[in-house]
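# An overview of the molecular structure
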Amino acid sequence: LHLSIRRQRQMCIRDSVKIEDLSTFDIEYLFLNIRGKSVGEDVEVMVTCPDDDKTKVPILIKLDDIKIKTSNEHSKDIKLDDNLTLRMKYPSMKEFIKSNFSVEGMKPEDTFDLIISCIEQVYSQEESWSASDCTKDEMNDFLDQLNSTQFKEIEKFFETMPKLSHDIEVENPETKVKSTVTLEGLASFFG
C-alpha cells in the first residue's frame, strides 16, 4: 500500500506539473519543502546584525514559517506608453538555475536575455504580439528602443515579483540592539 501511494504521488507530480513552467519562487518553495521533509523541519542560518554589520548570530527557523510574499506594487502588465503594454511572465527554471547555482552568477549581458525570456507579449488596444513569435534579435531591437523610464518599470517587475521571504528578530549579543532582518530567496535559507 505504501509503495502504491508513493507511486501515485510521483505520477501526479510528473503528469500534472511541468517544472519548466513553474515560476522561480514556486521552484524555490518546492526545494525548501523537499529539504524540510528530507533533512528536517528547521534550518539554522547565520544572520549578520544590521546595527554593526559584522556580528553574526545563528538563528533557527521553522521551514513552515517561510512563505512566498507578493508586493502590492507588483503587476505583470507594464504600461510602456499611452498605447503599448508589456505583459511579463516569471523567470523560467533555466533562469532560476543560472542565477542560483551558476559559479560565476549572472553576467551583465545575461540581463537582456533574462528580460527577453520573461516577455510574454506586447499589446495595444488594436493588436498583440506574442514574444514566442519573435526572434531574439527582434526582441533585442524592441528593448533597445525603450527609454530609461520604461526600463525602470521592467526593473520594478523583477524587484516586486513574489519571493520566498521571512522576517526574523535578531539581538546583537555585543550591543544588545534588537533588529528585524528580512531573509529573501532560497540562498538566504541554505547559506
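As shown above, the structure is provided for reference.
What this report covers is the structure whose coordinates are included nearby. Every value quoted in this text rests on a predicted model; they were computed, and no experiment measured them.

Each value, and the rule that gives it
Residues numbered from 1 in each chain as written. Predicted model: local features only at pLDDT ≥ 70, side-chain atom pairs only at ≥ 80, totals over all residues. Heavy atoms only, no water. Patch = residues over 30% accessible without salt bridge, like charges linked within 9 Å, V, L, I, M, F, W, Y side chains within 5 Å. Areas by Shrake-Rupley, 256 points an atom, 1.4 Å probe, with all protein chains shown as cover. Salt bridge = Lys/Arg side-chain N within 4 Å of Asp/Glu carboxyl O. Lys, Arg positive; Asp, Glu negative; His and termini not counted. Charge placed at Lys NZ, Arg CZ, Asp CG, Glu CD. Helix = DSSP H or I, 4+ residues; strand = E, 2+ residues; numbered from the N terminus. Buried < 20%, exposed > 50% of the residue type's maximum accessible area, 1.4 Å probe, protein only. Pairing = 2+ DSSP bridges. Axes fitted to C-alpha atoms, helices over the stretch in contact; angles between N-to-C directions. Polar contact = N/O pair within 3.5 Å; in protein donor to acceptor, adjacent residues only side chain to side chain. Contact = heavy atoms within 4.5 Å.

## Some words on a negative patch on the surface
Taken together, the side chains of Asp 137, Glu 138, Asp 141 and Asp 144 make up a negatively charged region of the molecular surface. With respect to the helices and strands, Glu 138 occurs in helix 5 (residues 136–144).

## Some thoughts on the environment of Leu 186
Inspection of the secondary structure assignment puts Leu 186 in helix 7 (residues 186–190). Separated by 154 residues in the primary sequence, Leu 186 and Leu 32 have C-alpha atoms spaced 7.4 Å apart.

## Topic: unusual backbone geometry
You will see that Asp 53, though not glycine, has its phi angle at about 60 degrees, which is positive. For Asp 53, the location among the structural elements is in the loop between strand 1 (42–48) and strand 2 (56–62). If you check the backbone angles, Lys 176 has positive phi at about 65 degrees while not being a glycine. In this structure, Lys 176 sits in the loop between strand 8 (163–171) and strand 9 (178–184). When its relative accessible area of 55% is taken as the criterion, Lys 176 is described as exposed.

## Some remarks on the pattern of salt bridges
Oppositely charged side chains may form a pair once their charged atoms are brought near each other. A full pass over the atoms with the stated rule returns four salt bridges. Across the pair Asp 77 and Arg 87 runs a salt bridge whose closest N-O atoms are separated by 2.5 Å. In this pair, Asp 77 is assigned in strand 4 (residues 77–79) and Arg 87 in strand 5 (residues 85–88), connecting sequence segments ten residues apart. The exposure class assigned to Asp 77 is partly exposed, which follows from its relative accessible area of 31%. A salt bridge links Asp 113 to Lys 136; the nearest nitrogen and oxygen atoms lie 3.0 Å apart. Taken together, the residues Asp 113 in helix 4 (residues 110–118) and Lys 136 in helix 5 connect sequence positions 23 residues apart.

## Side note on the sheet that holds strand 5
Spatially, four strands are ordered 4-5-6-7 in an open sheet, and the strand pairing comes out antiparallel. The open sheet has two free edges, formed respectively by strand 4 and strand 7 (128–130), since each of these has just one partner strand. When the angles between neighbouring strand axes are averaged without regard to direction, this sheet yields 20 degrees. In this structure, strand 5 lies alongside strand 6 (residues 119–123), joined through four bridges in antiparallel fashion. Looking at strand 6, one finds that Leu 86 is bridged to Val 122.

## Brief notes about the side chain of Thr 160
Structurally, Thr 160 is set in helix 6 (residues 148–160). Within the structure, Thr 160 has its side chain in polar contact with the backbone oxygen of Lys 156 (distance 2.7 Å). In this view, Thr 160 contacts Ser 71, Glu 73 and His 74; residues no more than four positions away in its chain are not counted.

## Describing the sheet that holds strand 9
Across a sheet, paired strands are connected by hydrogen bonds in the backbone, their directions being either parallel or antiparallel. Taken together, three strands build an open sheet; the order of strands is 3-8-9 and the sheet is antiparallel. Edge positions in the open sheet fall to strand 3 (67–69) and strand 9, since each of these has one partner strand only. Across the sheet, the mean angle separating the axes of adjacent strands is 45 degrees when strand polarity is ignored. As defined by bridge partners, strand 3 adjoins strand 8 across three bridges and the pair is classed as antiparallel. Bridged to Ile 68 within strand 8 is Leu 164.

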